[in-house]
Each structure stands twice: as structure tokens, then as C-alpha cells.
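Spelled out from the first residue to the last, the chains are:
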Amino acid sequence: MRFVSLLLAVVFTTVSLLPARAAQRSGDTNTAPAALSPCSIAQAFPSATPAESPSPSPSASPSSSPSPAASPALTPLPFSRPGQGFPILVPTQPTPTPPSATPPPPPTPTPAPSGSPGPVFLVHPSPLPSGVPPTPTPTIPPAGASPLPTEMPSPAGPTPIPTLGPDQVAVVADRVIGTNAEHQPMDAEGNVRVYYRDVILSGEQAHYDGEHTISITGHPSLRNQRGDAVLNATLITFDTDKGLATLTGGSGATTEGVEHGRLYYTGTRIETLRSGTTHIERSSFTTCEDPKGGYHFESRSADIYPGDKLVARKAVLYLGLIPVAYIPVLVIGLTRRPGRAYTSSTPEIGYTQTTGVFAKERLGFYRSDDWYGYYVLNFFQKLGMEMGYVAFYHRKDNRRSGSINFDDFNYNKLSGGQKRYNLSLNDNENFSQRLRGNFAFTYNGNYGPFVYLPPSFSLNSSVSYTGTRGQENYTFSRYQSGSQQSNTSYGFTDSRQLTPRVSQQINISQSSNRNELFTSGNTDDLHLNTLTHITGQAFDTDITVDKTNQTFLAGIDRLPEITLRPHLRSFARFPYSVNFVAGRYHEFPDNVETSKEEANLSLGPIYYRIFNNTDFDVGVNVRQDRYGTGDEKAQITQNMSLSSTFGRHATNSLSYNEVNTNGNRFGPFQTLDVLGGNSSSAQDVLRIFNESYYNLTLSTGTSFNHIAQPVSYQLTLRPFRVAYVQLGGSYDPSFSKFGPTNVQVATPFGHDSEIQVSANVFYGGVFGQRGILNKAIYYRHIVGDCYEIQLSYRQDLKEFDATINLLAFPSRAANFGINQNGPIIPQSFTYGG
């Protein structure tokens, strides 16, 4: 019996010491997360060893004595999954056996419990000597900067570290104190690191209560494996069961979703969940390194969803130390997501001649990713008060999505003193992968101040089915304006691929119009249109049938119309194309019915190179029509251009167009095949330039009618790299006067500032005005590399605008503005670089 017990102990010990890859060969494909793999831990902390315990006597070995008491007992620390990696085996000193006593039976290995495993404690191979400062608090570089270097392994190479389970925790420190057993408290001191998934917690002391809580003190911090988010606190409490880290008196910084600098935030209590979400109580966040010199938000609570958004509730915006706005729910997107925009803003304040002083505000709300939007609160001094509600929704299974937009405008006595509404609903339904629908409703009762029209509504719906070889679409629409006008229409469209070479589309629609003011507007229409396309080896064919049945007949019926496009051999130097049209037509209300044959020949464009600096191209189109009534008509269109280059600083382009028509241009049909008359024209464009320093463009033209045409000019100057000047206008030889000149100037205006000016200079002449009019001024200033202020004034609109934009989110809807109109200079000119 003792021999059997000894044999079982040897087998168990041998199996426990097998490499982890043996489990993989047996078919276990589960692997630990990268953050807790032996490679990552060994690289961060080389030669880490299990927690210290007394070493067994060198003389105690299985080969020297058959007694099992001579071998140290190996107690495995249980893992969450059997067969994944191998357990941490902590050597323990065996109890000495008195010489006269009978040796005890071999120990039985501790069975793995069914609950979640406790943390694994590892010890640095050589703790830092006394007097050496601890590892500094980790930081992250700003967005766009080089990442911090990771900790390198020691030259001696890492000691093999066991593979950890998916949700297991590893604690690495200089010293480990306590009993390394299940449900027993332990302490770690000196350069403590706690690894869990992709999160690393660090500090100087850590205490494990033996159940599921690890408390970290001594300048504790938390950072993710990528190093783009770091949180500091006075105390960090980590729940190993829930994967929840709670920071007391915490502050953090992240570059995730930030395009410029960092996003800084603080809070009395910060919780990081297993999903990666960060919850902050009594939060304050900003993208400025000095919040008092820039801006910051203070809110009752905030949630940061990595790679998605930041949601702050009951937020107050401070510019410096001054509160300027209260926002119930502030949502800032941290990623570019097409079709989704979280909208919150500070009050928009300005003045226009039409509205007087105005104040606008959008108060965003966010219930979930499937229901969000904003409230609209607008005040206009000369108009009244506007309130609105805008919401976007969709189901998680993507079977339904839509939007709601409601607007309530209370006009004051200056603008009529009425209350008007607007409502818009839109709903998209995905009944199945092949069947989809769209439904929209619009009610319009507000047409603007002093505009009195009856309310109107429209209802539109469509259902479409997409098959393997065809598609069907059914539509319905209804429009009504008060009790005076209405329209109802139905539609059906069917598209089929009959054969690989034949496709057909059928469109049937019916509409009914009613107008109580004009009896001629009461009509009923039925329309049929079919298009059959045939792809042949020699040519392509389109067969069109178009028929309309109306109360008051108007238009043209095609019964049918056939278009042939031959497949002709093309030449690269002489491209051409030919097509033929034949059909029978019936025109209403003239009641003209006859046949028609049409031929079209297009030649060109044909290019020629002349004198190595001139390009010449020409194109010709010839059309010939013949009708059953005996009428004939023809038209020839010619286009030519000559482009020349003179040295490295001048180009000239001359173009000519001519149209010649012969025959009855307006017959036999009044609306079909109406050809223009004879005409000819020419244009010339001269451009003088020197790289990007200056560019002068002169252009004029003629219609060969003995009337002088104006000469247009545009001069663009770049006196230095960040300045831009443009002047544009025209000179009319008929009046020997210059027209108004548009002047645009953009230049730096102090440190981190820029000014843009646009105006029109009038010289009298045909306009009878002199002076500088239509002035517009735009000013931009960056504060603390944190946010920018934009101010603009437009004289023609009597409007003043201001905008505040966060530099951390320049390409998304996270700017907080006052009439966000932006620059006045066309941004296609990159004058800043």
C-alpha cells in the first residue's frame, strides 16, 4: 500500500512539471492574454521568481532515499482552467520526522477549487538597494509624439514564467510577505506591479486581503498596456473578481481619441471597469496643461468609453476661472464614426440686422448608443423664442433606425406674435436581408417671420425587395397644404436581369392632384415607362416605351424608341463613336404623331503636338434627323483649343466653339429635338506666374458680334510663407471703366494669431458707387496651445460671429461655438504652409 502511494505521488509530481506546450499538443487551444503571457511579464521584470520560502535541504532527493519525507512538498496554486499552462509550485519546508517515529504517508496535492483563482505573487530577482529612488510615476507623451520606450529585459535573459489564466492577476514586487496559500492575506513591498489583462497597476506597497481585494499605496498609478492612458491616485483598490479598480483622489491623462495634446481629468473617485470604461465622480477634465489659463469642464460625473466617447453629466464650462455655460449632458466623440455626431455646445451669442441680438444653445442628451440627440434653445431679440428636440435612434440588431426633429417657435409681437411648429420623422426598417422600408413624415407650420401660409404635411413611404436577379420597389406619397391643395401618388418599379444579355426595367406611377383655387390643377395621371437593354456582340440596343394618360394631355409618347450603339473598332489617335435612334412619337397637346430617324457621329478629341510647346486638339459632332412628315434638320458642332507654354513663367490657352444648324429647328415637334441657332465664340486665358510667389491670370472672349467683351483679371501674391493676398475683378472696354475689385488678405497677426480681410473696392462707373464696401473681417487666436477663438464680422449682413474650438478635436463635432462660420478666405489656398 505504501508503494502504491509513493508511485501516485511521483506520477502527480511528474505531470505537474510538464511544459505548458504539452497541454497545447493535447488539443487545448486556449491562450492567456498578451498582457499576462510569460513573455510580456518576463520582458518587464526579467528573472522574476515565485514568492520566497525556505529551500529544501540539498541532501533531500528522491534518489538518495525512498522516503517521501525527504522531498519538499509542492503545493500548486489553483488556476481558473485546468490544462492551461501549469500551476505555480511554491516549495515548502517539510516537517522533520523523529528518528524513532514512523515516516508519515506522502502528502496529497491540494485540489483546485471551483471559484476564481487568487493572485500570483512573484519576486524581483534583485530588489533595489536602499537609497535608490523608486520608479517614477509613468507618463504618456502628447498625441503625435514618440511613445515612451518600454522596459527592456536584462542581458541575462528572462527566467521562465508560468502562463496565467485569462482573468488571473500577477503581483510582482521586491519583497513578498505572508503565507502563499489560498484565502491567506499577503503583502508586497517595493516596486509593486499588478498585471491584469491589458492593465498595469504600480505602487510601493500592496496588500491582499486573502479574498478578492488588493490595496495599493505609495504613489499608486494605473496605465494600460499601450501606454496611452495613465491614472494616478492616493489609493487604488482592485477587486480581482470583478476586475474593478477604484482610485481615490485620482487624476489621469490619455491621448486616445485626442489629435492634439492630451485629455486631462481628475475626480474624487475613479473606477475602471473590466470593459475598459472609466467612471469619474466629481470630475474635471480639459485638454489644456494649465486649466486656469485655458478652459476646463467640471461635472457631477463623467464616463469615458475607450475609442468611442466621453459623456459628462451636469457639466459647467469654465474659461479660466469664470463659468460661462451649463450643459446637462455633454458628449464628446473620441472616434470618427460616419453617420453619428454627438452634439453639445456652449451658448452661441451674436448679432444680425434681421434677428437683432441672439443666443443659441444645444443641450445634448445621451441615454445609450441607441438613443441620443440634443435640445435646441434659441432666443432672437426681434423674432422670439425657439425650442426644439432632435433625437436619433436605432435598434441593436440594426433592424430599425431613424430620427425625430421637433421645432416650436414663439414669435413675439414684433414678428406677428404667433406660435408655429415644425415636425419631421424618419424611420428605416430592415424587415429581412432582402426586404427593407423607409417611412418619413413632415409637418411644416413655420415658414419664417411675416410669412403666412397654411400648414402643410407630407407622408412618404417605400418598400423594396432585392432578389438574386431582380429588385422591386413600391412607393406612396401624400402631400397636403391646408384644405386648398393636395397630391397623392403611387409608384411601382421592377428591375430584372432576364438573361445574361437582356435586362428590363418597368416603372408604373399614378398621381392625383387637387387644387381648390385653380380648376385646371385638378388632374389625374397614369404613366408607364419600360426600358429593355440588350447587349450584343455587334451592338448594344435600348428599347424604350413611354406612355402617359392624363386629364389634360401634355408631353410626348414614345411607342417605341430604339437606340443602337455599334461596337466599332477604335483608334487611339482618331477616337470616334456612332449611334442611331429610330422611333414613333406622339406629342400632346398639338396632336402630332410621326416617326423619326436620327444618326449621330462624334469624332475626337484629336490631339496634336506643335513646336514642342503647343498642344492642339479638335473635336467634331455631326447630327442628322429625318421625320415621317418629310422634315429634315442637321447640326454640326466644332470645338478647338490651342495651349502654349512660354518659358517657365507663362502659359496661354485659346479655345474656339462653333455651331451650325440647317433645317426646321422648331418642327415638326414643339418640345422634341429643338435645335439652337448658328453661333460661334472664342476665349483666351493668359497666365503669368513664378511658382507660388505670384500668379496673374487674364481672360477675355468674343462672340464675334462686334461687341467688346470684359477682360477679367486675378492676381494672387504670397509675399512670404504664411501671407496671402488676392485681387480679382474686370475691366469693360465698352465703358472704359473698372468693375469692383475683390480684395482678400490673410496674414499672421501676433503670436498664434491670424487675421483675414475681404472687401470689394468700387470705382464708380456703371455701379455709381465708390469706396470699400462689403467688408468682412476674420480673426483667429490660439490660447495656450489648448483652444482657439474665432471672431468674424460681415458688413453686408450686419452680423458679428464668434467661435471657440478645442484643438484636441479639430476634425470632429467636439467644438463649442458661437455662430461657427469659419474663415472667410477660401481654404483651397494653403497659405499657411
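What you are looking at is a predicted structure, and each value in this text was computed from that prediction instead of being measured. (Residues numbered from 1 in each chain as written. Predicted model: local features only at pLDDT ≥ 70, side-chain atom pairs only at ≥ 80, totals over all residues. Heavy atoms only, no water.)

**Quick look at the overall build of the protein**
Consideration 1: Assigned secondary structure in the protein consists of three helices and 48 strands.
Consideration 2: Per-residue burial over the protein gives 36% buried out of 833 residues.
Consideration 3: Carbon and sulfur atoms make up 58% of the accessible area of the protein, which totals about 45300 Å². (Helix = DSSP H or I, 4+ residues; strand = E, 2+ residues; numbered from the N terminus. Buried < 20%, exposed > 50% of the residue type's maximum accessible area, 1.4 Å probe, protein only. Areas by Shrake-Rupley, 256 points an atom, 1.4 Å probe, with all protein chains shown as cover.)

**Details of the packing of aromatic side chains**
Consideration 1: Here the structure, examined in full by the defined rule, presents 19 aromatic pairs.
Consideration 2: Measuring from centroid to centroid gives 5.5 Å for Tyr 375 and Tyr 389, while their planes differ by 50°, and the two rings are tilted. Of this pair, Tyr 375 sits in strand E21 (residues 371–380) while Tyr 389 sits in strand E22 (residues 384–394), and the two are 14 residues apart along the sequence.
Consideration 3: By the ring-pair criterion, three or more aromatic residues cluster together here, those being Phe 358, Phe 380, Phe 409 and Tyr 411.
Consideration 4: Of note, Lys 360 hangs over the ring of Phe 358, and the distance from its end group to the ring centre comes to 5.2 Å.
Consideration 5: Above the plane of the ring of Phe 689 lies Arg 687, whose end atom (NZ or CZ) is 4.2 Å from the centre. (Phe/Tyr/Trp six-rings, centres within 6.5 Å; stacked < 30°, edge-to-face > 60°. Lys NZ or Arg CZ within 6 Å of the ring centre and 35° of its normal.)

**Examining the pattern of salt bridges**
Consideration 1: Under the counting rule described, the total for this entry stands at 23 salt bridges.
Consideration 2: With a closest N to O distance of 2.6 Å, Arg 496 and Glu 472 form a salt bridge. Here Arg 496, found in strand E28 (residues 485–499), pairs with Glu 472, found in strand E27 (residues 470–481); they are 24 residues apart in sequence, far enough to count as distant.
Consideration 3: For Asp 673, the salt bridge is made with Lys 596, and the minimal N-O distance between the two is 3.2 Å. Taken together, the positions of Asp 673 in the loop between strand E37 (650–663) and strand E38 (679–690) and Lys 596 in strand E34 (residues 592–610) put the pair 77 residues apart, joining distant regions of the chain. As far as burial versus exposure is concerned, Asp 673 and Lys 596 are alike and both buried.
Consideration 4: Because the salt bridges share partners, they merge into one network encompassing Lys 596, Glu 598, Arg 623, Asp 625 and Asp 673. (Salt bridge = Lys/Arg side-chain N within 4 Å of Asp/Glu carboxyl O.)

**A few points about the environment of Thr 468**
Consideration 1: Relative to the elements of secondary structure, Thr 468 occurs in the loop between strand E26 (456–466) and E27.
Consideration 2: What makes Thr 468 exposed here is its relative accessible area of 71%.
Consideration 3: The spatial distance from the C-alpha of Thr 468 to the C-alpha of Gln 497 is 9.2 Å, given a sequence separation of 29 residues.

**With respect to the nonpolar core**
Consideration 1: Judged by nonpolar contacts, the single largest core of 45 residues is most densely connected at Val 171, Leu 201, Ile 214, Phe 285, Phe 297 and Leu 330.
Consideration 2: Among the elements that take part in this core, strand E7 (residues 186–196) stands out by supplying five residues, more than any other.
Consideration 3: The residues touching Val 171, leaving out its near neighbours within four places in the chain, are Pro 119, Val 120, Phe 121, Leu 122, Ala 188, Val 192, Arg 193, Val 194 and Ile 214. (Core = buried A, V, L, I, M, F, W, Y, C linked by side-chain atoms within 4.5 Å. Contact = heavy atoms within 4.5 Å.)

**Looking at unusual backbone geometry**
Consideration 1: Of the consecutive residues Phe 588 and Pro 589, the connecting peptide bond is found in the cis state with omega at 5°.
Consideration 2: Along the chain, the position of Pro 589 falls in the loop between strand E33 (576–588) and E34.
Consideration 3: Looking along the chain, the bond that leaves Gly 604 and enters Pro 605 is cis, with omega of 5°.
Consideration 4: When you line up the elements, Pro 605 lands in strand E34.
Consideration 5: Despite not being glycine, Lys 314 has its phi angle at roughly 55°, a positive value.
Consideration 6: Its relative accessible area of 40% is what places Lys 314 among the partly exposed residues.
Consideration 7: Phi at His 706 takes a positive value of approximately 65°, unusual for a residue other than glycine.
Consideration 8: Here His 706 is to be found in the loop between strand E39 (694–702) and strand E40 (711–717).

**Describing the side chain of Asp 407**
Consideration 1: Positionally, Asp 407 belongs in strand E23 (residues 400–411).
Consideration 2: Ignoring sequence-local partners within four residues, the contact set of Asp 407 consists of Glu 386, Met 387, Gly 388, Arg 420, Tyr 421, Asn 422 and Asn 446.

**Brief notes about the pairing of strand E24 (residues 419–430)**
Consideration 1: Bridge count for E23 against E24 is eleven bridges, and the pairing is antiparallel. From the neighbouring strand, Gly 402 faces E24, where its bridge partner is Asp 427.
Consideration 2: Across nine bridges, the pairing between E24 and strand E25 (residues 435–444) is antiparallel. Looking at E25, one finds that Asn 422 is bridged to Asn 444.
Consideration 3: Where E24 folds back on E25, the antiparallel hairpin that results is connected by four residues. (Pairing = 2+ DSSP bridges.)

**Quick look at the side chain of Gln 744**
Consideration 1: Within the secondary structure, Gln 744 is located in strand E43 (residues 741–748).
Consideration 2: Engagement of the side chain of Gln 744 in a polar contact is seen with the side chain of Asn 742, the distance being 3.2 Å. (Polar contact = N/O pair within 3.5 Å; in protein donor to acceptor, adjacent residues only side chain to side chain.)

**Describing a nonpolar patch on the surface**
Consideration 1: A surface patch of nonpolar side chains, amounting to about 550 Å² of accessible area, comprises Tyr 351, Val 357, Val 757, Ile 777, Leu 791, Tyr 793 and Phe 800.
Consideration 2: Counting through the fold element by element, Tyr 351 comes out in strand E19 (residues 348–352). (Patch = residues over 30% accessible without salt bridge, like charges linked within 9 Å, V, L, I, M, F, W, Y side chains within 5 Å.)

**As for the environment of Glu 429**
Consideration 1: Residue placement: Glu 429 occurs in strand E24.
Consideration 2: With a relative accessible area of 11%, Glu 429 lands in the buried category.
Consideration 3: Spatially, the C-alpha atoms of Glu 429 and His 394 are 9.8 Å apart, while their sequence positions differ by 35 residues.
Consideration 4: Leaving out residues up to four positions away in the same chain, Glu 429 has contacts with Arg 399, Arg 400, Arg 436, Gly 437 and Phe 439.
Consideration 5: Within the structure, Glu 429 has its side chain in polar contact with the side chain of Arg 400 (distance 2.6 Å).

**Looking at a negative patch on the surface**
Consideration 1: There is a patch of like negative charges on the surface, built from Glu 289, Asp 290, Asp 752 and Asp 785.
Consideration 2: Among the structural elements, Asp 785 can be located in the loop between strand E45 (769–783) and strand E46 (787–794). (Lys, Arg positive; Asp, Glu negative; His and termini not counted. Charge placed at Lys NZ, Arg CZ, Asp CG, Glu CD.)

**Some remarks on the confidence of the model for the protein**
Consideration 1: This prediction gives the protein a mean pLDDT of 76; 73% of its residues lie at or above 70.
Consideration 2: When the criterion is pLDDT under 50, residues 1–115 qualifies, and its contacts beyond four places in sequence or with other chains add up to 151 contacts.
Consideration 3: Within the model, pLDDT remains below 50 along residues 825–833, and this stretch shows 24 contacts once partners closer than five positions in the same chain are excluded. (pLDDT = per-residue confidence, 0-100.)

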